[in-house]
Amino acid sequence: MPAENVQKLRESYTTAILSGSAEQAQRVVNQGLAAGVIPSKLYLEVLMPAQIEIGARWHRGEVTIPQEHMATQITLREMGRLRGMLKTRLKVGLKAVVSSVEGDQHFIGAQAVADFLVVDGWDVDFLGADIPTDHMVPYAKAREAHLVCVSCSLTSLVPVAKELVAQLRKLPVPPKVMIGGAAFVNQPGLAEQVGADAYTSDPQEAVILARQICGILNPENALALFLRKLGHSVHEYRKVRGLSQQELAMSSDLDRAYISAVEHGKQNISIGAISKLAKALNLSIEELLIGANY
Ligand code: B12
């Protein structure tokens, strides 16, 4: 679809949420989908800018708080609907906690980052807006977060974000920290000053950076993670089927030691062997791989 048509969708969508019509907003999104616009494009290039426009009008006093809140609720519903249409990747096996910094009521940006992380296969706790630092830090610890994503829209709250990052760094197993939000847009070096590992204003780039800073773009780590999860899946399905390793070895025409190595994530298994195992466990290859998804 040409850019000017996406622009038209954006305008129609903004009008719909401004008038508080959830049905009309849904119709506009469906119209975009029917015209072949992919869900992530609708999410990022129609919903997000419309939301910014409504907020900007509120800031200029042209829109009331109930109108802005109603529009936000409608957009949240459409964000959820589009997220459901995005194809979720295999689980990465890592936990991310996402929230806005203490004192910050803006949470749509954080929600967008959380949504794209979910689609990228992360296990995500999205906590919403205004999470007190002294609750966030023990929460991240208790949840064993590998990544904490902090959204900060207000410049006045940058010191709060900095303190949060400092507190997270003191945890026995410190998570990686990614930062974003309006306070950091066009502020080169600010993310570094607060001590974050990464910054971006783009939720799609955020998932790439998240993988990078957590070390799962490194092919060796990615392979090890995949093999561990596949091994877990084989083990779980074998147990559910009531099979011993020996029985599975016989029905899949593989060696028992090989099965054991696979289950421990120590075997760089071939596609052929995955296929044999899936068949012996009465699964499709995809089911066996999706079983590895936790
Ligand atoms: C909507 C809005 C509101 C709504 C928030 C509704 C809600 N529940 O979210 C309401 C009306 C409540 C509001 C209140 C206020 N707001 Co306001 N608000 C906005 C506005 C217009 C849009 C925010 C939004 O929803 N954007 C949509 C999302 C998708 O964009 P985003 O937040 O920038 O996030 C994107 C990226 O930054 C990134 N991202 C965001 N978070 C994260 C996190 C990570 C980890 C990563 C990787 C990426 C990432 O991903 C998103 C996708 O593109 C912005 C202006 C703007 N252009 O952003 C002002 C703005 C943020 N608000 C501002 C201000 C000043 C306020 C108030 C103080 C106003 C007042 N006098 O009361 C209050 C503060 C309330 C509070 N304590 O938080 C200022 C902040 C200025 C500054 N730098 O300090 C802005 C920039 C407006 C302006 N130009 O002056 N606001």
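Notes on the structure follow. The structure presented is a predicted model; accordingly, all values stated were derived computationally and were not measured.

## Things to note about the packing of helix H2 (residues 22-34) against helix H4 (residues 65-85)
Part 1 of the reasoning: Running from amino to carboxyl end, H2 crosses H4 at an angle of 35°, the nearest separation of the two axes being 10 Å. Seen along the crossing, H2 lies across H4 with a hand that is right-handed. In this structure, H2 uses Ala-22, Ala-25, Gln-26 and Val-29 to contact H4, whose residues at the interface are Ile-74, Arg-77 and Glu-78.
Part 2 of the reasoning: Per-class residue counts for the contact of H2 with H4 are four nonpolar, one polar and two charged.

## So, the pairing of strand S3 (residues 147-151)
Part 1 of the reasoning: By the criterion of burial, S3 is predominantly enclosed, with five of the five residues buried.
Part 2 of the reasoning: Burial of S3 is two-sided: the residues Leu-147, Cys-149 and Ser-151 facing one way and the residues Val-148 and Val-150 facing the other way are all buried.
Part 3 of the reasoning: Pairing between strand S1 (residues 95-100) and S3: five bridges, direction parallel. The residue of S3 that forms the bridge with Ser-99 is Val-150.
Part 4 of the reasoning: Alignment of S3 against strand S4 (residues 176-180), held across five bridges, turns out to be parallel. Note on S4: the bridge partner recorded for Leu-147 is Lys-176.
Part 5 of the reasoning: Note on the crossover from S3 through helix H7 (residues 158-169) to S4: the handedness is right-handed.

## Structural notes on the nonpolar core
Inside soluble globular proteins, nonpolar side chains tend to come together where they are buried.
Part 1 of the reasoning: Ala-96, Ala-161, Met-178 and Ile-179 are the most contacted members of the largest nonpolar core, which totals 47 residues.
Part 2 of the reasoning: A per-element tally of this core places helix H5 (residues 108-119) first, with seven residues.
Part 3 of the reasoning: The next biggest cluster of nonpolar side chains, apart from the first, holds 18 residues, and it includes Val-28, Tyr-43, Leu-47 and Ala-71.

Calculation rules
Along each chain, the written sequence defines residue order, and numbers are assigned to residues from 1. Only residues with pLDDT of at least 70 are given local features in this predicted model, and only at 80 or more are side-chain atom pairs given and counted; all residues enter the totals for whole chains, interfaces and linings. As a rule, the C-alpha atoms of each element are fitted with a line to give its axis, helices using only the stretch in contact, and angles between N-to-C directions run from 0 to 180 degrees. Going along the chain from the N terminus, every DSSP run of H or I of four or more residues is numbered as a helix, and every run of E of two or more is numbered as a strand. Two helices that cross are described as forming a left-handed crossing if the nearer one is turned anticlockwise from the farther one by less than a right angle, and a right-handed crossing if clockwise. We call two residues in contact when the distance between their C-beta atoms, placed using the backbone, is within 7 Å. Any residue outside Ala, Val, Leu, Ile, Met, Phe, Trp, Tyr, Cys, Pro, Asp, Glu, Lys and Arg is labelled polar, Gly included; the first ten of those are nonpolar and the last four are charged. Backbone-placed C-beta atoms define the burial measure: a residue is buried with 20 or more other C-beta atoms within 10 Å of its own, exposed with 12 or fewer, and partly exposed in between. Whether two strands pair depends on DSSP finding at least two bridges between them. Here the term right-handed applies to a crossover when the path leading from its first strand over the helix to its second strand runs clockwise, the strands being oriented away from the viewer. Put simply, a nonpolar core is a cluster of buried Ala, Val, Leu, Ile, Met, Phe, Trp, Tyr and Cys residues tied together by C-beta atoms within 7 Å.

None of the figures reported here should be taken as evidence of function without further support.
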